[in-house]
Amino acid sequence: MNISRSILAGVIMLGSIVESSFSQDGKPVAIVIHGGAGTIRRETMTPEREKAYREALEQALKTGYDILKKGGTSLDAVEATIRVMEDSPLFNAGKGAVFTAEGTNELDAAIMDGATLKAGSVAGLKRIKNPITLARNVMEHSPHVMMVGNGAETFARQRGLEFVDPSYFRTEHRWNQLQEAKKREQQPASEPSQDKKPGGLEDDEFKFGTVGCVALDRFGNLAAGTSTGGTTNKKYGRVGDAPIIGAGTYANNKTCGVSCTGTGEYFIRSVVGHDVSALMEYRGMSVKEAAELVVMDKLVKMGGDGGLIAMDNKGNIAMPFNTSGMYRGYIDINGTVVIQIYRE
């Protein structure tokens, strides 16, 4: 499949779900999503797996866009869209989360309201089916921004959220990734090693599976959300950028909404989400200029890899990444529908 055909395939596949880019009362709406960035190459992707990813991205987009079209809020669209991806075993969030070094799954998520700058964040969850919903509950039903571990799950129980047995998150693919990571970790230092990534994965097995969404609703409000299982073979209660407000997740009606995916430590140090917003607010950059400067220049100079999705308050979209691929898609204010995976 050549590049032009690949892009066209994404447009044709979704064409039937979009009649216009406006809500029922004629106000423009838009949505953009990602399913993670990393070493994602066309030559190593089977047609069946590519089809599965495209269909999962389509379902997520359609879910959020339908809410926006019916006059729903950007927060509703972001939460519902991310729940779809959390429920899919294809992405490193919820059902498809990677394993820690201890052989458990630890989930993180965050959501932010661009209208109020309120935010909710959770980390280290082991039994919550949809972490993004708990993050929203933290934002809307507690005085706090961030809750972690057992405390967050106690709050979830009080809020009546859905719990699952930890075995729910287990998939053989992720379990095998952990075994491979541990095997490579034991590789003697004297043996030649390629550019190893955190968790011991490299080449085509190293993928950032974080999921995220940014939406613009009929009220002109932006919202952003991110959910992840972290990195394979992570240790010591490690938390990445996804639940860190201003790093992996950020939204401000004055500027943009942002959701990131990549090596979280670099995104935290660079405060990537807020950095994109600040470049727009203080230097007058467009969302595309700001996002590309941060991802393609500032992060690269630090040694950070990954990407982000961003949308400004007029519905302009940016999806820069400095890896070989990023699962991504959008429906913009003009009704243009795109799903992409590779560097197209």
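None of these values were measured; they are calculated from a predicted model. (Residues numbered from 1 in each chain as written. Predicted model: local features only at pLDDT ≥ 70, side-chain atom pairs only at ≥ 80, totals over all residues. Heavy atoms only, no water.)

> What should I look at first to understand empty space enclosed by the protein in this one?
Regions of empty space are outlined by a rolling probe, equal in size to a water molecule, passed over the atoms. With the rule as written, the count across this model stands at 2 cavities of 30 Å³ or more. Lining the largest cavity are 15 residues, with Thr210, Thr228, Arg238, Asp241 and Gly262 sitting closest to its centre. For the lining of the largest cavity, the class distribution of residues is 3 nonpolar, 9 polar and 3 charged. (1 Å grid on protein atoms, 1.4 Å probe; cavity = no way out; pocket = protein on both sides within 12 Å on 5 of 7 lines; lining within 4 Å. Points joined across faces, edges and corners; volume = space filled by probe spheres on them. Nonpolar A, V, L, I, M, F, W, Y, C, P; charged D, E, K, R; others polar.)

> Looking at this structure, how should I read the packing of aromatic side chains?
Aromatic ring pairs are defined here through the distance separating the ring centres and the angle between the ring planes. The final tally for this structure, using the stated rule, is 5 aromatic pairs. For the ring pair Tyr53 and Tyr327, a centre distance of 4.1 Å and an interplane angle of 15° mean the geometry is stacked. Of this pair, Tyr53 sits in helix α2 (residues 47-69) while Tyr327 sits in strand β11 (residues 325-331), and the two are 274 residues apart along the sequence. Each member of the pair, Tyr53 as well as Tyr327, carries the same accessibility label: buried. (Phe/Tyr/Trp six-rings, centres within 6.5 Å; stacked < 30°, edge-to-face > 60°. Helix = DSSP H or I, 4+ residues; strand = E, 2+ residues; numbered from the N terminus. Buried < 20%, exposed > 50% of the residue type's maximum accessible area, 1.4 Å probe, protein only.)

> Mind showing me how you'd approach the sheet that holds strand β1 (residues 30-38) here?
In a beta sheet, neighbouring strands pair by backbone hydrogen bonds and run either parallel or antiparallel. An order of β4-β3-β2-β6-β5-β1-β11-β12 is seen for the 8 strands of this open sheet, with the pairing classed as mixed. Either end of the sheet is taken by a strand with one partner, and the two such strands are β4 (146-148) and β12 (337-342). Going across the sheet, the axis of each strand differs from the next one's by a mean of 5°, ignoring polarity. By the bridge criterion, 7 bridges tie β1 to β11 in an arrangement that is antiparallel. Across the sheet, residue Val32 finds its bridge partner in β11, namely Tyr330. Each of β1, β5 (211-216), β11 and β12 is contacted by α2, which is oriented at about 145° to β12, the strand it contacts most. (Pairing = 2+ DSSP bridges. Axes fitted to C-alpha atoms, helices over the stretch in contact; angles between N-to-C directions. Contact = heavy atoms within 4.5 Å.)

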